[in-house]
Amino acid sequence: MMVDKSTVKEEALQKIKVTKTTRSRLSEVDFNNLAFGKMYADHMLVADFDGKEWKNAEILPFQNLSVSPSNAAWHYGQAIFEGIKAYKDPEGHPMIFRPYDNYKRFNTSAERMGMPQVPEWLFIGGLDLLIDLDRNWVPTGEGCSLYLRPFMIAADEFIGVRPSDTYKFAIINSPSGAYFNKPIKLLVQDKYVRAFPGGVGFAKAAGNYGGTMYPTMQAKKQGYDQILWVDGYEHKYLQECGTMNVFVIIGNTAITPDLTQGTILEGVTRASVMDVLADMGLKVEERPISIDEVVTAYNNGTLREVFGTGTASSVAYVEQLDYLDTKIKLDTTKYEVGAEVIQRLDDIRTGRTTDIRHWNYIIDKK
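Residues numbered from 1 in each chain as written. Predicted model: local features only at pLDDT ≥ 70, side-chain atom pairs only at ≥ 80, totals over all residues. Heavy atoms only, no water.

Caption draft 1: Seen up close, the packing of helix α7 (residues 268-279) against helix α9 (residues 336-349). Contact geometry for α7 and α9: axes closest at 10 Å, N-to-C directions at 110°. Here α7 is positioned roughly perpendicular relative to α9, judged by the angle of their axes. The residues of α9 that touch α7, namely those facing T269, S272, V273, V276, L277 and D279, are V337, V341, R344 and L345. In the contact of α7 with α9, the residues fall into six nonpolar, two polar and two charged. (Axes fitted to C-alpha atoms, helices over the stretch in contact; angles between N-to-C directions. Helix = DSSP H or I, 4+ residues; strand = E, 2+ residues; numbered from the N terminus. Parallel < 35°, antiparallel > 145°, perpendicular 65-115°, else oblique. Contact = heavy atoms within 4.5 Å. Nonpolar A, V, L, I, M, F, W, Y, C, P; charged D, E, K, R; others polar.)

This is how it looks when you write it as structure tokens:
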């Protein structure tokens, strides 16, 4: 996406106060052994919505938030978030991957959850200023990135079922390694349901994840890494995994569940992978796909690969997919499509190849 960053950044500079840390924790980080989501950068961004406008926007040292026990988000679940990643190009300049797509989705989630829209100067401009300040926290190791977590929660101190009038918006950053460091095993869930049409499955709402915790715990006890969710009516049409959209490669066709039912997340990585797959010459289909179709393709030898896609997980190979008594086992060492997708995406996100679609938002040089 081509954008004029100067106006947005100018407004951000005018409206966001910056208080730098007096003691960086950068020296405490082992960039050769990064876990996912366990270490946080020096600074964070916070802002308040007072019922009419966003105010008190500030970048300040990473710290705890003070929240009342009667905070409405804790009791009624008005909470949304995004996951974005920043990388460095070969010259060391930080780049945020497709932040405008996350910005659009964030406000889509906000609307569905009865929350206020976040302005561009706060979301995009705030990311720009924050990553500029914490640019030394962006790792350069293979498979590593600075994971960015914008989120918004209700802020009313009121125990009553209604939308909050006030809200807190924040962005925190985490230098991270791979979410999955090996191929994964999926259980096709035939009892519990993640989302129904008309619900909030398309929103990146905290409750969507909370509702999946118990079934996922049970699946992990059985040796699986994640659940592959199916529809709630017939319990056979693929939706998404706990942290990822899903792609199935049958012959020379890549199939991913369509968005028309509003039950799955419109993944930014999903959209990127669809473009990359088309560039590679594969036919790409967004449509309903049943687990029966996957099983049939496996049995007749046309099922080549199954993988998940998401900001946190990037592209995760599936080595086993179990549905009732059927066990689908795949040799991920022979995954040619997934391997090329990963390589092409990594080359774009790290500036090793030309970014023809202008996905990268480059932080200005210091």
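Caption draft 2: View of empty space enclosed by the protein. Tallied over the full model, the rule gives two cavities of 30 Å³ or more. Taken as a whole, the largest cavity encloses approximately 70 Å³ of empty space. G83, I84, K85, Y87, F97, R98, N102, V268, T269, G310, T311 and R349 are the residues that line the largest cavity. Of all the secondary structure elements, the ones that give two or more residues to the lining of the largest cavity are β5 (84-88) and α7. Of all the elements, β5 adds the most residues to the lining of the largest cavity, at three residues. (1 Å grid on protein atoms, 1.4 Å probe; cavity = no way out; pocket = protein on both sides within 12 Å on 5 of 7 lines; lining within 4 Å. Points joined across faces, edges and corners; volume = space filled by probe spheres on them.)

Caption draft 3: Spatial organisation of the packing of helix α1 (residues 5-15) against helix α4 (residues 120-133). Put simply, α1 and α4 touch, their axes get as near as 8 Å, and they point 80° apart. Taken together, the axes of α1 and α4 lie roughly perpendicular to each other. Touching V8, K9, E11, A12, L13 and K15 of α1 are E120, W121, I124, G125, G126, D128, L129 and D132, all from α4. Its residues assigned to classes, the contact of α1 with α4 comprises six nonpolar, two polar and six charged.

Caption draft 4: A look at helix α8 (residues 291-299). Within the span of α8, buried status applies to I291, V294, V295 and A297. One face of α8 carries all of its buried residues, which in axial projection span an arc of 160°. Of the surrounding elements, those touching the buried residues of α8 are β9 (184-188), β11 (238-241), β12 (245-250), β15 (303-310), β16 (314-323) and β17 (326-329). In the segment just after α8, G301 is the residue with positive phi, at about 85°. (Buried < 20%, exposed > 50% of the residue type's maximum accessible area, 1.4 Å probe, protein only. Arc of directions from axis to C-beta.)

Caption draft 5: Summary view of the UniProt feature "modified residue: N6-(pyridoxal phosphate)lysine" (unreviewed entry) in the protein. Within the UniProt annotation, "modified residue: N6-(pyridoxal phosphate)lysine" (unreviewed entry) is assigned to K204. Mapped onto the elements of the fold, K204 is located in the loop between β9 and α5 (206-210). The residues contacting K204, other than those within four sequence positions of it, are A79, I80, F81, E82, G83, R105, S109, Y209 and L265. (UniProt positions renumbered as here; feature names shortened; annotations may be inferred.)

Caption draft 6: A look at the domain arrangement of the protein. The domain architecture assigned to the protein consists of domain 1 (5-178 + 354-362) and domain 2 (184-334). Here the C-alpha centre of domain 2 lies 28 Å away from the C-alpha centre of domain 1. Listed as interface residues are 20 residues of domain 1 and, on the opposing side, 19 residues of domain 2. In this assembly, domain 1 packs against domain 2 so that about 1600 Å² is buried in total across both faces, 61% of it on carbon and sulfur atoms. In terms of surface lost to domain 2, no three residues of domain 1 exceed F81, R105 and R112, which account for 36% of the buried area on that side. The interface formed by domain 1 and domain 2 includes two salt bridges. Between D279 and R357 there is a salt bridge, with the nearest N and O atoms lying 3.0 Å from each other. Going through the elements one at a time, β4 (79-81), β5 and α3 (99-112) are the ones with two or more residues in the side of domain 1 that touches domain 2. (Domains from an automatic or database assignment. Buried area = accessible area lost by both parts, 1.4 Å probe. Salt bridge = Lys/Arg side-chain N within 4 Å of Asp/Glu carboxyl O.)

Caption draft 7: Structural detail: the nonpolar core. W54, I96, L122, F123, M152 and F169 are the most contacted members of the largest nonpolar core, which has 58 residues in total. The element best represented in this core is α4, accounting for eight residues. The residues that make up this core include at least three from each of domain 1 (5-178 + 354-362) and domain 2 (184-334). Discounting residues that sit within four places of it in the chain, I96 has contacts with I84, K85, A86, L127, I131, L148, W359, N360, Y361 and I363. V248, I289, Y323 and L330 belong to the second-largest nonpolar core, a separate cluster that totals 28 residues. (Core = buried A, V, L, I, M, F, W, Y, C linked by side-chain atoms within 4.5 Å.)

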